[in-house]
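Below, each chain spelled out in residue letters.
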Amino acid sequence: MNFSDLNILPWLIPIPPLVAFFVIILFAGRSKLLTHIIAIGAIFLSWLMSFYAVYTIVTQHKDLGTAAALGGKGVFASSVTWLVNGATGPGTATGALGMGVMLDPLNTIMLFMVPLACLLIFIYTLGYMAHDPRNTRFFAFLSLFAGAMLTLVVADNLLLLFIGWEVMGLCSYLLIGFWYEKPSAYQAAIKAFMTTRVGDVIMMIGIAYLWASTGTLSFRAILHNEDVLHKLATTPALGGFLGLTAAGLIGLCIVAGTIGKSAQFPLHVWLPDAMEGPTPVSAMIHAAAMVSAGVYLVIRMYPLLSAGGNPEAGVLTPPMILMSIVGSFTALFAATIAVSQNDIKKVLAYSTISQLGFMIAALGIGAYVAAAFHLITHAFFKALLFLGSGSVIHAMEHGEHAAHAAHEGHTAHDQGHVPDASPAHGGHEAPHAATEPIEHHEHPLHDPEPAFDPQDMRNMGGLGRNMPVTMWTFIIGGASLAGFPLITAGFWSKDEILADAWHLSAQSPLAVLVLVSLAVAAILTAFYTFRQIALTFWGEPRTEAAKFAQHNDGTAEARNISAQMTAPLIVLAFMAIVAGFAGVNPGFPIIGAITSRFFPQGAPFANFVGRTLLEAPEHLDFSWWPVLVSFSVFLIGVGMGYALYVRRQYALGQKDPMEDIVGADIYRILQKKYYVDEFYGWAFINPLRWIATTLVSQIVDKGIIDGTLNIIATSATWIGNLFREFNRVVIDGVSDGIPDAIADAGRSLRSVQSGHIQQYLLYALVAALWVGLNLILLAVFPLAVPWAALAQVVIAVLLILFFNVSGSRASN
Amino acid sequence: MVPLNAYLIVAAGLFSIGMFAALARRNVIAILMGVELMLNAVNINLVAFWRFLTPATEASSGLKVGMSGQAFAAFVFVVAAAEVAVGLALIISMYRNRRTVIAEDVDTLRY
């Protein structure tokens, strides 16, 4: 088999991390070094194969895809018959469920992004988790996570995609709850698992319905087949009583899955809590894998979601309407929360939700290419930001230890090292939180203040001095997120979404909604990103820990860790800038002219990804208005941030400047995240808990089930007692009675054996007389013998009884 | 000639006296003497019955046959002598060990 054949190669891409997972869990987990080699080697191998595939396609198969308008020549794919079930349905039902892989432009770009981001995250993890006691397990889970994501990406059917999807759900559970000593961590893990499950169940119903309607789950058989799409779009679902077509209903279900996985509005609550996991997990979830998978799914299923609609003419199908409303609402909603958060990772979490809202909203109005483009650029700069924030947290923890060491240096100076080299300090956030109370007990005088939070941006400030690489890469990532004009990837992808919304706003009022809310969200994005950078890296250090914060304190090990953590940042920062130029509209002044020189057929990204669809999306003409919007939202956001956080330095303990502007009440609502968690607690969790503890536990379980069991058990016991009595009285009575009677007889008869020989002689005399009398009787009255015998038996019995009674009395 | 019944009455009287002694006396030696009396009563009976009931016949060898009654009595004497020898030996042993010759005191062989 020729594995360099692109039809076959995708089979191999997910294999190494999956194998690595099993090898590490089963065999290699004892050795850190071996684990690192296996995990990094596996993901590197995947990356290498992916890179080979992407490179070959981009250089030699530029016309990959199905859009004939752009000269598409089909896709690379191979599949095997997996589950023969005899299903028949419209279109291409083969009577079997296939399993297979494929490479089309969409998953080619995913293969460009996912393994690269995963590889960088793995390398970063080397440094970040260097001192964690469960280091090897972490790598095993990360490998499984990466393997599942790659499976999902190369899958050619919904079932395989769903398998990867669910394995990722498991991995997110395992990794978010990785520091399970912390109650908040395992609660967050359960929350993430349960919340995404809500979407997954609905999505599974959609998949089942799709299979029932078409008899196949293969992307090629459904999405590349106009007949099937047309049939789905014209068949009323469930007899039509919902007023939906089959495509509409399936689409809504699939969008529901994405709402769960990509943390869109009603199901977004798990994602901020997922920050409880170690930071590489956050990067994995937020950039490379989990949430990208949700968006990837809707982009992948877009032909189905849009079947029957014509977004370019303003005709949107129900799933698209749902996506545009949910996406734009979520983008705005999450951005408003993000501005008020003080935890460095929470800000990024809400920022992720908001940016995913951008993508979903873009897809909702048919901006297929823009959504895919933003997915890729966002993955790079959000991975960068998360890894950067991890670097900050790492440094802050070291800074705190160093600050302690500096304070205690007066008394313990002879130990001779002020900046703590910290291998003794285990891992990061969680082990820290776990050991903190113990330290309190040990040093109540030294450490009277509450547990120091190394993630709180209010405790930071001025970190850029000691960590220039982290700062500059973070600023690049932040600029990309905020949409710094012209040079960052985020600008180009966001600009493309806004441009699409602008062009559609004439046809569809929903596009206006999307445009306005995304523009406002973009202002807020620029604002909170600027706030984050200003609070973290600029100004004066606000705490001792911030003053000492750094991770390279000169020791060889720290330098090593520092290198492992900063190298991925630099690569990602490079991607966060360069990735954007693949999508520049050729009509853009100056820059468009430059890029068209390299890509004469127009924006390469749009051309390439557009071929995924049967009909390539239209190329948008350049228009100044969306660009002006993009420029102005960035400038407004940054201007606000500058006014609030740079012009006036923020001081520790001071009220947040935001609070004065929006008012304390609104600020509190924002900080409390609109009380969504509280609402869910009130509306779902507490009633369910009541049902569980009171209704089910007390009444059903303890009352009915236990009651029934008690009755059964009691009656069985009663019957048992009955048998026991029967046994005791009748059976034991008989079997004990016989020996007892024999013993009694023996007891009474033993008085005969008195030891007095004269008594024995008397017995002999009596017996002799008795025999003599009988002989006389026999001789004289032969006829009376029977009667005499009877009389003698009676007399004998009476004598025995007499002796018996007297014997037992004697024994008493 | 003295009739058979007289012998039998004497033997019965002797037996009763012996029986009384064997049953009623406390001294073991007296009991043994009672037993001897009873044996002798039996001997009287044996010889008396032999004398009155068995015809004296002459065998060709010259011996008087039908001497079984006397032979039986002789056996009883021998048995009685052996019994007395054993009995007295027991009594001496008993006296040495327990310092008593009272039958009731020697009741070790009981339940």
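In this text the structure is predicted, and so the values were computed from the model without any measurement.

The rules behind these values
- Residues numbered from 1 in each chain as written.
- Chains lettered and ligands numbered in written order.
- Predicted model: local features only at pLDDT ≥ 70, side-chain atom pairs only at ≥ 80, totals over all residues.
- Helix = DSSP H or I, 4+ residues; strand = E, 2+ residues; numbered from the N terminus.
- Buried ≥ 20, exposed ≤ 12 C-beta atoms within 10 Å, placed from the backbone.
- Contact = placed C-beta atoms within 7 Å.
- Rg over C-alpha atoms; globule rule 2.2 N^0.38 Å.
- Nonpolar A, V, L, I, M, F, W, Y, C, P; charged D, E, K, R; others polar.
- Expected span 1.5 Å × (residues − 1).
- pLDDT = per-residue confidence, 0-100.
- Axes fitted to C-alpha atoms, helices over the stretch in contact; angles between N-to-C directions.
- Parallel < 35°, antiparallel > 145°, perpendicular 65-115°, else oblique.
- Left-handed = near helix turned anticlockwise from the far one by under 90°.

1. Comments concerning the overall build of chain B
Step number 1: On a plain count of helices and strands, chain B comes out with 3 helices and 2 strands.
Step number 2: Seen in sequence order, chain B has helices and strands lined up from the N terminus as α-α-β-β-α.
Step number 3: Across the 111 residues that make up chain B, the buried fraction comes to 12%.
Step number 4: Long-range contacts, defined here as pairs at least 24 residues apart, represent 47% of the contacts in chain B between residues at least 6 apart.

2. Thoughts on the overall build of chain A
Step number 1: The helix and strand inventory of chain A stands at 31 helices and 2 strands.
Step number 2: Radius of gyration (C-alpha) of chain A: 41 Å, far over the 28 Å computed for a compact globule of 812 residues.
Step number 3: With respect to the three principal axes, the spread of C-alpha positions in chain A is 160 × 80 × 60 Å.
Step number 4: Counting every position in chain A, which comprises 812 residues, the buried fraction comes to 50%.

3. Section: the interface of chain B and chain A
Step number 1: Each side of the interface is counted separately: chain B has 9 residues, and chain A has 9 residues.
Step number 2: The class makeup of the residues in the side of chain B that touches chain A is 5 nonpolar, 1 polar and 3 charged.

4. Quick look at the environment of A:Thr330
All names here are of chain A.
Step number 1: When you line up the elements, Thr330 lands in helix 15 (residues 318-338).
Step number 2: Note on Thr330: 28 C-beta atoms within 10 Å, which makes it buried.
Step number 3: For the pair Thr330 and Phe358, spaced 28 residues apart in sequence, the C-alpha to C-alpha distance is 8.3 Å.
Step number 4: Residue contacts for Thr330: discarding those within four places in its chain leaves Gln264, Phe265, His268, Ile353, Ser354 and Gly357.

5. Observations regarding helix 5 (residues 135-154) of chain A
Step number 1: With 20 residues, helix 5 of chain A should cover 28 Å at 1.5 Å per step; its first-to-last C-alpha distance of 29 Å lies within 8% of that length.
Step number 2: Counting buried residues in helix 5 of chain A gives 18 out of 20 residues, a clear majority hidden from the surface.

6. Observations regarding the confidence of the model for chain B
Step number 1: For chain B, the average pLDDT comes to 86, and 88% of its residues sit at 70 or higher.
Step number 2: This complex was scored by the predictor with a pTM of 0.72 and an ipTM of 0.84.

7. Considerations on the packing of helix 20 (residues 489-504) of chain A against helix 26 (residues 624-646) of chain A
All names here are of chain A.
Step number 1: Where helix 20 meets helix 26, the closest approach of the two axes is 9 Å, and the angle between their N-to-C directions is 130 degrees. By the criterion of interaxial angle, the relationship of helix 20 to helix 26 is oblique. Between helix 20 and helix 26 lies a crossing of right-handed hand. Listed contacts from helix 26 to Phe491, Lys494, Asp495, Leu498, Ala499 and Trp502 of helix 20 are Trp625, Pro626, Val627, Val629 and Ser630.
Step number 2: For the contact of helix 20 with helix 26, the per-class residue count stands at 8 nonpolar, 1 polar and 2 charged.

8. Brief notes about unusual backbone geometry
All names here are of chain A.
Step number 1: Backbone geometry places Ala263, a non-glycine residue, at a positive phi of 55 degrees.
Step number 2: Overall, Ala263 belongs to the buried group, with 31 C-beta atoms counted inside 10 Å.
Step number 3: If you check the backbone angles, Tyr674 has positive phi at about 60 degrees while not being a glycine.
Step number 4: As for its position among the elements, Tyr674 is in the loop between helix 28 (664-671) and helix 29 (676-749).
Step number 5: Judged by C-beta crowding, with 13 C-beta atoms within 10 Å, Tyr674 ranks as partly exposed.

9. Section: the confidence of the model for chain A
Residue and element names in this part refer to chain A.
Step number 1: On average, chain A scores 82 in pLDDT, and the residues at 70 or more come to 91%.
Step number 2: Taken element by element, chain A is modelled with least confidence in helix 18 (residues 429-442), mean pLDDT 39, and with most confidence in helix 2 (residues 15-26), mean pLDDT 92.
Step number 3: Every residue in residues 410-449 is under pLDDT 50, and counting partners more than four places away or in other chains gives 46 contacts.

10. Re the environment of A:Tyr642
Residue and element names in this part refer to chain A.
Step number 1: Looking at where Tyr642 falls in the secondary structure, it is placed in helix 26.
Step number 2: By C-beta crowding, Tyr642 is classed as partly exposed, having 14 other C-beta atoms within 10 Å.
Step number 3: When the C-alpha positions of Tyr642 and Ala534 are compared, they lie 8.3 Å apart, and in sequence the two are 108 residues distant.
Step number 4: Excluding anything up to four places from it in sequence, Tyr642 contacts Phe530 and Arg647.

11. A look at the packing of helix 2 of chain A against helix 3 (residues 32-60) of chain A
Residue and element names in this part refer to chain A.
Step number 1: Following both chains from N to C, one finds helix 2 and helix 3 inclined at 165 degrees, their axes separated by 8 Å at the closest point. By the angle between their directions, the pair helix 2 and helix 3 is classed as roughly antiparallel. The two elements helix 2 and helix 3 cross, and the hand of that crossing is right-handed. Here Pro16, Pro17, Val19, Ala20, Val23 and Ile24 of helix 2 come into contact with helix 3, specifically with Thr35, Ile38, Ala39, Ala42, Ile43, Leu45 and Ser46.
Step number 2: Grouping the amino acids of the contact of helix 2 with helix 3 by side-chain chemistry returns 11 nonpolar, 2 polar and no charged.

12. Digging into the environment of A:Ile577
Residue and element names in this part refer to chain A.
Step number 1: One can find Ile577 in helix 23 (residues 556-578).
Step number 2: Classification of Ile577 by C-beta neighbours within 10 Å gives buried; the count is 22.
Step number 3: Considering only alpha carbons, one finds Ile577 and Ser218, 359 residues apart in sequence, at a separation of 36 Å.

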